[in-house]
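Geometric and topological summary
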Amino acid sequence: MAQTYCNVCTADCPASCRLLTDVADSRIIGIKGDPRDPYTRGKICAKGYALKELVYSPDRVLYPLKQQGKGSGNWQRISWEQAFLEIGNKLVGIAQEYGSLLPVSMNKFLGTTGLLSQSVEGFFSSLGPITALMGNPCVSAGTDAFILNYGALKKPLPEDMKNSRLILIWGANPAWTAIHQMRYIFEAQDQGAIVVVIDPIFTSTAARSDIYYRIRPGADGDLALGLAKILVEENLIDHEFLDNFTFGWPEYRDYLETVDLNQVSSSTGIPLAELYELARLYGTIKPATIRLGPGIQRGPSGGQNARIIDCLAALTGNIGISGGNVHYTSYEQLLHAGKYGQLRLPYGIRQGLSENNEGNTGHRILGTDWYTHLDTLDPPLKFLWVAGRNPVAQDPDPAQLIQALKTIDTVVVAEQTLSATAQMADYVLPVSSPFEFEDVVISFWHYGAAINQQAIPPLGESKSDFAIMHGLASVLHQLKPGLSSFPLHGDPRTWLTQEFTSLNDFLGITDYRELAHNPARVNLPAVPWQDRQFPTASGLYEFYSFTAAFHQTPPLPIPVDQPVSSRSYPFRLMVSRSPITLNSQFYTIDLLRRLENLPLLLIHPDTGKQKNLAEGDLAKVYNEMGELELPVSFSLSLPPDIVLTYMGTEDIHNTLINTLLSFESTDLGQIFSGSPGIAYNNCFVNLVKMG
Ligand code: SF4
């Protein structure tokens, strides 16, 4: 007799879909969307249906493993007791040798989005000063951009988009990456809204738009400046908002006078007449909203570009009104609200680091480029814990990263499979899938909270992140009492209950287990900034940012110069999410890869002609960093100077796509995330036919 459990897809995806999991004989027999989910209404994507494949993947690591020689493949199964004891002794040894735990570090991100997975941050925070790897590969520059403009990062609830009369989808492809958002876009369209897509690629979302503008990659800031200039020229600006609620408007207006529209047209590739057409649309139709994709900020000018685009909303008075504003990924709203991440905050590494920025806690801070200068560190980095991330498959210059990992005495990777990063570990600790322990997930897009009930027992000897950190803390307590202040009392249910003592009111529930029956959402306003109170230095929306000036960053939003393609590497390589993979997640599922014929490299037919490549031919894609061999597929969705593939791609030799990326930083990110982001879109390659 099958039983049904409530679960949630914990992939790094805005939807955080609620799931219903059918289980018979302790085995998952079916996964479907939960029709009670108010955001998804029971619809999930192919990845959600394939979650069972991940749970029962033959690639699952089911026991703690120890490797003799990183990358050697010489694995030995060990017990948890041995793993905890040896890892604990490493930490104790470091503390004794160096008199501090500064040689210890941790690298974690959103491989799983459950609250209890934050116990990893909690554990490392409990050690006191360590080496903190700051920044994130995802939205650092954009986060800085919004906080500089507004003082905080807030976003409207997704459904407010249906109240818009004009929707600019700028560098985002929700038809693939946020499928449920499309419902609100279609609803707005049905009510007469105009949907405009601005993107270098004619995406599936562009295909459903009313107007599509092809922009050259990275020229988003130029376009927004050009639009701003036209809005001012044609007096399509909101004087009341500008005069009363903004700071630095006169300086910004002066700067706009220097903008050359012919130059904008040339850099963006958008004819002058179309610039005027778009500016007039945005300046005359209200409310108008912008959906800003994270890809916008993954370039050398990504942060400033995001700021400039956001300024369009201020110019037209589209801030603080229903149907207006700018939609951008935001965890920070919940963090600023002080109601989220309580597991993390008392022991929380990010909270600790924000103190450290003021010189209080003694953490040593490294950015996203940490592995490019390990040899300069004193004391050296001796210990690294990786969880919820696969940096060898995602970060630039993986060869350098692998070399860096080899120089670190102890690398521990907590993972479900032998990922590219796990293969470079000394210890791999098997993490349970989210179906195997109880947890709660809060979406970073719609703020819905959903419970993950334990549907099946942990496979093999796998444990949740919480159980792993708790186990290690217990052993550490025996080895050297006081080295960690991680609380040893309480089980996960106690921790979650404690967490929800502050969250219950925020969610309108009395116990987190009610989430199995009642969908709940964090009680935040559907429309931010209605009070026009901006927590900036001036108390106003800042065209001129005092915080930026303090951090020696250009205070006005002005684009940074972009690199261009060269004769040696004439094609820009863009790497986007596919409908069936997320970063490097899901790429291991054969079924999904077959659905999309992955791996492949999309090229324009003219590029094929130029390089003597036919559909399906194997091309060497190369630059000074490395090379991959990928089958090409022709597409008219992209211009001839762009080639495109998907995150997580690896070729027949298992070479990963990030092999082609060198390390370059975005312009912003360091102010609030502690490190600039990574300029993923700044990658140029050449092609040659194989064989
Ligand atoms: S990947 Fe996203 S859309 Fe797909 S099931 Fe998971 S949360 Fe839902």
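This structure is a prediction, so every number in the text was calculated from the model and none was measured.

Regarding the overall build of the chain
Check the secondary structure of the chain and you find 24 helices and 27 strands. In terms of C-alpha radius of gyration, the chain reaches 25 Å, essentially the compact-globule figure of 26 Å for 691 residues. Within the chain, the fraction of its 691 residues that count as buried is 62%. Charge centroids of the chain, computed over 51 positive and 69 negative side chains, lie 4 Å from each other.

Quick look at the UniProt feature "domain: 4Fe-4S Mo/W bis-MGD-type" (unreviewed entry) in the chain
What UniProt calls "domain: 4Fe-4S Mo/W bis-MGD-type" (unreviewed entry) maps, in this numbering, to residues 2-59. Taken end to end, residues 2-59 is 16% helix and 34% strand, and its two terminal C-alpha atoms sit 26 Å from one another.

A look at the packing of aromatic side chains
Counted under the stated rule, the structure contains 26 aromatic pairs. For the pair Tyr569 and Tyr622, a centre-to-centre distance of 6.2 Å together with 80° between the ring planes defines the contact as edge-to-face. Taken together, the positions of Tyr569 in the loop between α22 (546-550) and β22 (571-576) and Tyr622 in strand β24 (residues 618-623) put the pair 53 residues apart, joining distant regions of the chain. The class for Tyr622 is partly exposed, based on a relative accessible area of 24%. Every member of this aromatic cluster is reached through a ring pair, and the members are Phe146, Tyr150, Trp249, Tyr252, Tyr328, Trp529, Phe534, Tyr541 and Phe543.

Considering helix α13 (residues 272-284)
With 13 residues, α13 extends 18 Å from end C-alpha to end C-alpha; this agrees with the ideal 18 Å at 1.5 Å per step. Regarding α13, the residues found buried are Leu275, Tyr276, Leu278, Ala279, Leu281 and Tyr282.

Describing the side chain of Gln304
For Gln304, the location among the structural elements is in helix α14 (residues 302-315). If near-sequence neighbours (up to four positions away) are discounted, Gln304 is found in contact with Pro554, Leu556, Pro557, Ile558, Pro559, Val560, Asp667 and Leu668.

A few points about the sheet that holds strand β18 (residues 439-442)
Spatially, the three strands line up as an open sheet ordered β18-β19-β20, and their pairing is antiparallel. Bordering the open sheet on either side are β18 and β20 (520-521), each of which pairs with just one other strand. Where helix α21 (residues 492-507) meets the sheet, it contacts β18, β19 (448-452) and β20, and its direction lies at approximately 35° from that of β18.

Some details on the layout of surface pockets
For the second largest pocket, the calculated volume is near 330 Å³. Class assignment of the residues belonging to the lining of the second largest pocket gives a composition of seven nonpolar, four polar and four charged. Mapping the lining of the second largest pocket onto the domain boundaries places at least three of its residues in each of domain 1 (141-330 + 527-551) and domain 2 (571-689).

Brief notes about the packing of helix α9 (residues 220-233) against α13
In a pair of packed helices, the angle between the axes and the distance between the axes together describe the arrangement. With their axes 9 Å apart at the nearest point, α9 and α13 run at an angle of 65° to one another. Taken together, α9 and α13 sit at an angle that is classed as roughly perpendicular. Read as a crossing pair, α9 and α13 show a hand that is right-handed. Touching Leu223, Leu227, Ile230, Leu231 and Glu233 of α9 are Leu275, Tyr276, Leu278, Ala279, Tyr282 and Gly283, all from α13.

A short note on the side chain of Gln189
Among the secondary structure elements, Gln189 is positioned in helix α7 (residues 181-190). Within polar-contact distance, the side chain of Gln189 engages the backbone oxygen of Arg208 at 3.0 Å. Among residues more than four places away in sequence, those in contact with Gln189 are Val195, Arg208, Ser209 and Asp210.

Looking at the pairing of strand β2 (residues 18-24)
Every regular strand shows the same layout, with side chains that alternate between the two sheet faces. In terms of burial, β2 is a largely internal element, seven of the seven residues being buried. Side-chain alternation along β2 places Arg18, Leu20, Asp22 and Ala24 on one buried face and Leu19, Thr21 and Val23 on a second face that is also buried. Relative to β2, strand β1 (residues 3-8) runs antiparallel, the two being bridged by six bridges. Looking across to β2, one finds that Val8 is bridged to Arg18.

Section: the sheet that holds strand β12 (residues 288-292)
Within the open sheet, the five strands sit side by side as β10-β9-β8-β12-β13. Their pairing is parallel. Of all strands in the sheet, those bounded by a partner on one side alone are β10 (211-214) and β13 (326-327). When β12 meets β13, the two strands line up parallel, connected through two bridges. The residue of β13 that forms the bridge with Ile290 is Val326.

Focus: the domain arrangement of the chain
Where the parts come together, the accessible area they lose is often given as the size of the interface. Taken domain by domain, the chain holds domain 1 (141-330 + 527-551) and domain 2 (571-689). Using C-alpha coordinates to define each centre, domain 1 is positioned 27 Å away from domain 2. Tallying the contact residues gives 25 residues for domain 1 and 27 residues for domain 2. Regarding the contact of domain 1 and domain 2, the summed buried area is about 2100 Å², with carbon and sulfur atoms giving 66% of it. Counting the surface domain 1 buries against domain 2, the share from its top three residues, Asp144, Trp176 and Arg298, is 31%. On inspection of domain 1 and its partner domain 2, the count reaches zero salt bridges. Counting across the domain 1 and domain 2 interface gives 13 residue pairs in polar contact (both at pLDDT 80 or more). Elements that contribute at least two residues to the side of domain 1 that touches domain 2 include exactly α5 (140-150), α6 (174-177), α14 and α22. Of the residues forming the side of domain 1 that touches domain 2, the biggest block, five residues, is contributed by α5. Class assignment for the residues of the side of domain 1 that touches domain 2 results in 11 nonpolar, 10 polar and four charged.

Definitions and limits used
- By convention here, each chain's residues receive numbers from 1 onward along its written sequence.
- Per-residue local features are limited, in this predicted model, to residues with pLDDT of at least 70; the limit for side-chain atom pairs, both in listing and counting, is 80 or more; totals at the level of whole chains, interfaces and linings are taken over all residues.
- The basis for every side-chain value is the complete set of non-hydrogen atoms in the structure, without hydrogens or water.
- For helices the rule is a DSSP run of H or I covering at least 4 residues; for strands it is a run of E covering at least 2, with both sets numbered from the N terminus onward.
- Restricting the calculation to C-alpha atoms gives the radius of gyration, and the globule rule supplies 2.2 Å times the number of residues raised to the power 0.38.
- Each residue's exposure class comes from its accessible area (1.4 Å probe, protein chains only) as a fraction of the maximum for that residue type: buried when under 20%, exposed when over 50%, partly exposed otherwise.
- When charges are counted, Lys and Arg contribute as positive and Asp and Glu as negative, whereas His and the chain ends are disregarded.
- A charged residue contributes its charge at one atom only: NZ of Lys, CZ of Arg, CG of Asp or CD of Glu.
- UniProt positions are given in the numbering used here, feature names are shortened, and annotations may be inferred rather than shown by experiment.
- Here the aromatic set is Phe, Tyr and Trp, taking the six-membered ring for Trp, and pairing holds for ring centres within 6.5 Å; pairs whose planes are under 30 degrees apart are stacked, those over 60 apart are edge-to-face, and all others are tilted.
- By this rule the span expected of a helix is its residue count minus one, scaled by 1.5 Å.
- Residues count as neighbours in contact if any of their non-hydrogen atoms are within 4.5 Å of one another.
- Here, any two strands with at least 2 DSSP bridges between them count as paired.
- Simply put, an axis is a line fit to the C-alpha atoms, just over the touching stretch for a helix, and the angle between two N-to-C directions goes from 0 to 180 degrees.
- Computed over the protein atoms alone on a 1 Å grid, cavities are sets of points where a 1.4 Å probe fits but cannot get out and pockets are open sets with protein on both sides within 12 Å along at least five of seven lines; a residue lines them when it has an atom within 4 Å of a point.
- Grid points are joined across faces, edges and corners, and a volume is the space filled by probe spheres set on the points.
- Three residue categories are used. Nonpolar comprises Ala, Val, Leu, Ile, Met, Phe, Trp, Tyr, Cys and Pro, charged comprises Asp, Glu, Lys and Arg, and polar comprises the others, including Gly.
- Here the bounds of each domain stem from an automatic or database domain assignment.
- Angles below 35 degrees are treated as roughly parallel, those above 145 as roughly antiparallel, those between 65 and 115 as roughly perpendicular, and all remaining angles as oblique.
- It is the rotation of the near helix from the far one that decides the hand of a crossing: anticlockwise by less than a right angle makes it left-handed, clockwise makes it right-handed.
- Polar contacts, as counted here, are pairs of nitrogen or oxygen atoms within 3.5 Å of one another; within protein the pair requires one atom able to donate a hydrogen and one able to accept it, and residues that are adjacent in sequence qualify only if both atoms are side-chain atoms.
- Defined here as a combined quantity, buried area equals the accessible surface (1.4 Å probe) lost by two parts on assembly, summed across both.
- When a carboxyl oxygen of Asp or Glu lies within 4 Å of a side-chain nitrogen of Lys or Arg, that pair is called a salt bridge.

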